[in-house]
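Close look at the chain arrangement
Here is how the chains run, residue by residue.
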Amino acid sequence: MLSWSCTSTGATIDLALVAGGRDGVGLPFGDELLRFASAAGGTDDDELAAARTVLVMATDEAFMVDAAAVAANFEMMTRLADSTGASMPAARLDQSAAAIEIMHVATLPSRR
């Protein structure tokens, strides 16, 4: 979805910076979004509240709600794929190999 969004808007993003959690990922409000996304995927409720506040201060509440909806959608898609036993076709993995390498996705633990 991120690659589609960047293609349609002409934005560029450095996935290595995103994966490393570094500042300046190449998107408007990228630092705030990265903090929010990291907090949304974590377990620290205080950090999530702080990240949400920082994102709203940099943008507005509607922007933060959209960001939360995107995060929730990714969580839903992952759970749906896991619950059905779906796996990514080999051809798609080959197409995504560079992004998988940069983001270190292959090293993430799986529930399967």
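Structural data are supplied above this passage.
Right, let's walk through the structure included here. (Residues numbered from 1 in each chain as written. Predicted model: local features only at pLDDT ≥ 70, side-chain atom pairs only at ≥ 80, totals over all residues. Heavy atoms only, no water.)

Focus on the packing of helix α3 (residues 30-40) against helix α4 (residues 45-58)
Operational definition: All axes here are fitted lines through C-alpha atoms, helices being fitted over the stretch that makes contact, and every angle between N-to-C directions spans 0 to 180 degrees. Per the convention used, a helix needs a DSSP run of H or I reaching at least four residues, while a strand needs a run of E reaching at least two, with both numbered from the N terminus. When an angle is under 35 degrees it counts as roughly parallel; over 145 it counts as roughly antiparallel; between 65 and 115 it counts as roughly perpendicular; any other value is oblique. In this scheme the crossing of two helices becomes right-handed for a clockwise turn of the near helix relative to the far one and left-handed for an anticlockwise turn of less than a right angle. It only takes one pair of heavy atoms within 4.5 Å for two residues to be counted as in contact. Amino acids outside the nonpolar list (Ala, Val, Leu, Ile, Met, Phe, Trp, Tyr, Cys, Pro) and the charged list (Asp, Glu, Lys, Arg) are all regarded as polar, and Gly is one of them.
The interhelical angle for the contact between α3 and α4, taken along N-to-C directions, is 155°, at an axis separation of 9 Å. Taken together, the axes of α3 and α4 lie roughly antiparallel to each other. Judged by the sense of rotation from one axis to the other, the crossing of α3 with α4 is left-handed. For the pair formed by α3 and α4, the contact residues are Glu32, Leu33, Arg35, Phe36, Ala39 and Ala40 on the first element and Glu47, Leu48, Ala50, Ala51, Arg52, Val54, Leu55 and Ala58 on the second. Classifying every residue of the contact of α3 with α4 by side-chain character gives 10 nonpolar, no polar and 4 charged.

What about the pattern of salt bridges?
For the record, the criterion: By convention in these notes, a salt bridge is any Lys or Arg side-chain nitrogen within 4 Å of a carboxyl oxygen on Asp or Glu. Partly exposed residues are those whose accessible area sits between 20% and 50% of the maximum for their type, while under 20% is buried and over 50% is exposed, using a 1.4 Å probe and protein chains only.
For the coordinates displayed, the defined rule picks out 2 salt bridges. A salt bridge links Glu47 to Arg35; its shortest N-O distance comes to 2.7 Å. Of the two residues, Glu47 sits in helix α4 while Arg35 sits in helix α3, which places them 12 residues apart along the sequence. On the basis of relative accessibility, which here comes to 32%, the residue Arg35 falls in the partly exposed class. Among the salt bridges present, the one from Glu75 reaches Arg79, with a minimum N-O distance of 2.6 Å. On the criterion of helical spacing, the pair formed by Glu75 and Arg79 is a turn pair, its members being 4 residues apart in helix α5 (residues 61-84).

Comments concerning the nonpolar core
Let me state the cut-off plainly: As used in this record, nonpolar core signifies buried Ala, Val, Leu, Ile, Met, Phe, Trp, Tyr and Cys residues forming a set joined through side-chain atoms within 4.5 Å.
Ranked by size, the top nonpolar core spans 6 residues in total: Phe36, Ala39, Ala51, Leu55, Met64 and Ala67. Only α3, α4 and α5 provide two or more residues apiece to this core. The residues touching Phe36, leaving out its near neighbours within four places in the chain, are Leu48, Ala51, Arg52, Leu55, Met64, Ala67 and Ala68.

Concerning the environment of Gly26
Along the chain, the position of Gly26 falls in the loop between α2 (15-20) and α3. The exposure class of Gly26 is partly exposed, given its relative accessible area of 47%. Residues Gly26 and Ala11, 15 residues apart in the sequence, show an inter-C-alpha distance of 7.8 Å.

A short note on a nonpolar patch on the surface
The condition is simple: To count toward a patch, a residue needs a relative accessible area above 30% and no salt bridge. Like charges then connect within 9 Å, nonpolar side chains (Val, Leu, Ile, Met, Phe, Trp, Tyr) within 5 Å. Accessibility throughout is a Shrake-Rupley quantity obtained with a 1.4 Å probe, and a residue counts as covered only by protein chains that appear here.
Taken together, the side chains of Val70, Phe74, Met76, Met77 and Leu80 make up a nonpolar region of the molecular surface, amounting to roughly 440 Å² of accessible area. Examined against the element boundaries, Leu80 turns out to sit in helix α5.

Re the environment of Val105
Structurally, the position occupied by Val105 is in the segment after α7 (97-103). With relative accessibility at 42%, the residue Val105 sits in the partly exposed group. Each C-alpha atom of the pair Val105 and Ala19 lies 9.2 Å from the other, and the pair is 86 residues apart in sequence.

Regarding the packing of aromatic side chains
Operational definition: Ring pairs are drawn from Phe, Tyr and Trp, using the six-membered ring of Trp, whenever the two centres fall within 6.5 Å, and their geometry is named by plane angle: stacked under 30 degrees, edge-to-face over 60, tilted for the rest.
Inspection of the entire model under this criterion finds 1 aromatic pair. Relative to Phe63, the ring of Phe29 lies with its centre 5.6 Å away and its plane at 70°, an arrangement referred to as edge-to-face. Taken together, the residues Phe29 in the loop between α2 and α3 and Phe63 in helix α5 connect sequence positions 34 residues apart.

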